[in-house]
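Breakdown of the fold
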Amino acid sequence: MADDCIFCRIVAGELPAERVQEDEHTIAFMDLNPWTRGHALVIPRRHSKNLYEVPEEDLRHTASAAKHLAERMRDRLGCDGINLLNACEPAAWQTVFHFHIHVIPRYADDPLRLPVQPEQASREELGAVATELRG
Ligand code: AMP
Ligand code: ZN
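Here is a short report on the structure shown in this document. (Residues numbered from 1 in each chain as written. Chains lettered and ligands numbered in written order. Predicted model: local features only at pLDDT ≥ 70, side-chain atom pairs only at ≥ 80, totals over all residues. Heavy atoms only, no water.)

1. Regarding the sheet that holds strand S4 (residues 81–85)
Strands sit in the order S1-S2-S3-S5-S4 across an open sheet of 5 strands; the sheet is antiparallel. At either margin of the open sheet sits one strand with a lone partner, and together these are strand S1 (19–22) and S4. Taken pair by pair, the neighbouring strands of this sheet meet at an average axis angle of 20 degrees, ignoring direction. Relative to strand S3 (residues 40–44), strand S2 (residues 26–30) is paired through 5 bridges, and the arrangement is antiparallel. Residue pairing for S3: isoleucine 27 is matched across the bridge by isoleucine 43. (Pairing = 2+ DSSP bridges. Helix = DSSP H or I, 4+ residues; strand = E, 2+ residues; numbered from the N terminus. Axes fitted to C-alpha atoms, helices over the stretch in contact; angles between N-to-C directions.)

2. Some words on the environment of alanine 121
By the element assignment, alanine 121 lies in the loop between strand S5 (101–106) and helix H3 (123–134). Considered as a pair, alanine 121 and alanine 63 are 58 residues apart in the sequence and their alpha carbons are 30 Å apart.

3. Brief notes about the site of ligand 1
Ligand 1 sits among 16 residues. The nearest are Asp31, Asn33, Trp93, Thr95 and His102. One nitrogen or oxygen atom from the main chain of leucine 32 is found 3.2 Å from a nitrogen atom belonging to ligand 1. When ligand 1 sits alone it has 500 Å² of accessible area, and the protein chains cover 84% of it. For the shell around ligand 1, the secondary structure elements donating two or more residues are helix H1 (6–11) and S2. With 3 residues, H1 is the largest single contributor of residues to the shell around ligand 1. (Near = heavy atom within 4 Å. Polar contact = N/O pair within 3.5 Å; in protein donor to acceptor, adjacent residues only side chain to side chain. Areas by Shrake-Rupley, 256 points an atom, 1.4 Å probe, with all protein chains shown as cover.)

4. Things to note about the packing of aromatic side chains
Overall, the coordinates contain 1 aromatic pair when judged by the stated rule. On the numbers, 5.3 Å between centres and 80 degrees between planes, the contact of phenylalanine 7 with phenylalanine 29 is edge-to-face. A residue pair is termed long-range when its members are at least 10 positions apart, and phenylalanine 7 in helix H1 and phenylalanine 29 in strand S2 qualify at 22 residues. You can call phenylalanine 29 buried: its relative accessible area is 3%. (Phe/Tyr/Trp six-rings, centres within 6.5 Å; stacked < 30°, edge-to-face > 60°. Buried < 20%, exposed > 50% of the residue type's maximum accessible area, 1.4 Å probe, protein only.)

5. Looking at the pattern of salt bridges
What the rule picks out here adds up to 9 salt bridges. Here glutamate 22 ties to arginine 45 by a salt bridge, and the two come within 3.1 Å at their closest N and O atoms. Here the residue glutamate 22 occupies a position in strand S1, and arginine 45 occupies one in the loop between S3 and helix H2 (56–77), the gap between them amounting to 23 residues. Note that lysine 67 is salt-bridged to glutamate 71, the shortest N-O span being 2.8 Å. Of this pair, lysine 67 and glutamate 71 both sit in helix H2, 4 residues apart, which is roughly one turn of the helix. Overall, the relative accessible area of 52% leaves lysine 67 in the exposed class. A relative accessible area of 27% means that glutamate 71 is categorised as partly exposed. (Salt bridge = Lys/Arg side-chain N within 4 Å of Asp/Glu carboxyl O.)

6. Considering H2
Taking 1.5 Å per residue as the helical rise, H2 with its 22 residues ought to reach 32 Å, and the 30 Å between its terminal C-alpha atoms agrees with that figure. Where H2 is concerned, the buried positions are Asp58, Thr62, Ala65, Ala66, Leu69, Ala70 and Met73. Viewed along the axis of H2, the buried residues span an arc of 155 degrees, placing them on a single side of the element. When the buried face of H2 is taken as reference, the exposed residues oriented beyond 90 degrees from it are Glu56, Arg60, Lys67 and Asp75. Tucked into the core, H2 has its buried residues touching S1, S2, S3, S4 and S5. Where H2 terminates, the next one or two residues include glycine 78, which has phi positive at roughly 70 degrees. (Expected span 1.5 Å × (residues − 1). Arc of directions from axis to C-beta. Contact = heavy atoms within 4.5 Å.)

Laid out in structure tokens, this is it:
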């Protein structure tokens, strides 16, 4: 447990949270600032800072718990779809430094919109970045 980590304190029961699903390795609870009705976070019980540092075993358990929670949202909340989101490092919007996956129920009439308008890249640009990644 990391002493200064609010999610570790939720795992330990020292901070309140609306828990909705738990198993040996993970817990899921309602996000305090939901993007839509039912927005929840799934976390491994064991502390790690983010995607770079989470052990693969905890990643697997957390991804699996996120899938179960998504199905629960479909069945209990009647949502029309799901977004999974992970933020790794502040540049990618991470604000709490205990690995977590957002499970965001989507509704056909909800107000969420993509924050970007992607434009098609040239074959040359795609090839250049692919070469960097493969190298
Ligand atoms: P991120 O920006 O991906 O690191 O997400 C952190 C999320 O944690 C945000 O959506 C916050 O609303 C949420 N959050 C922060 N503190 C709490 C808390 N005590 N209980 C529930 N959710 C929280
Ligand atoms: Zn933690």
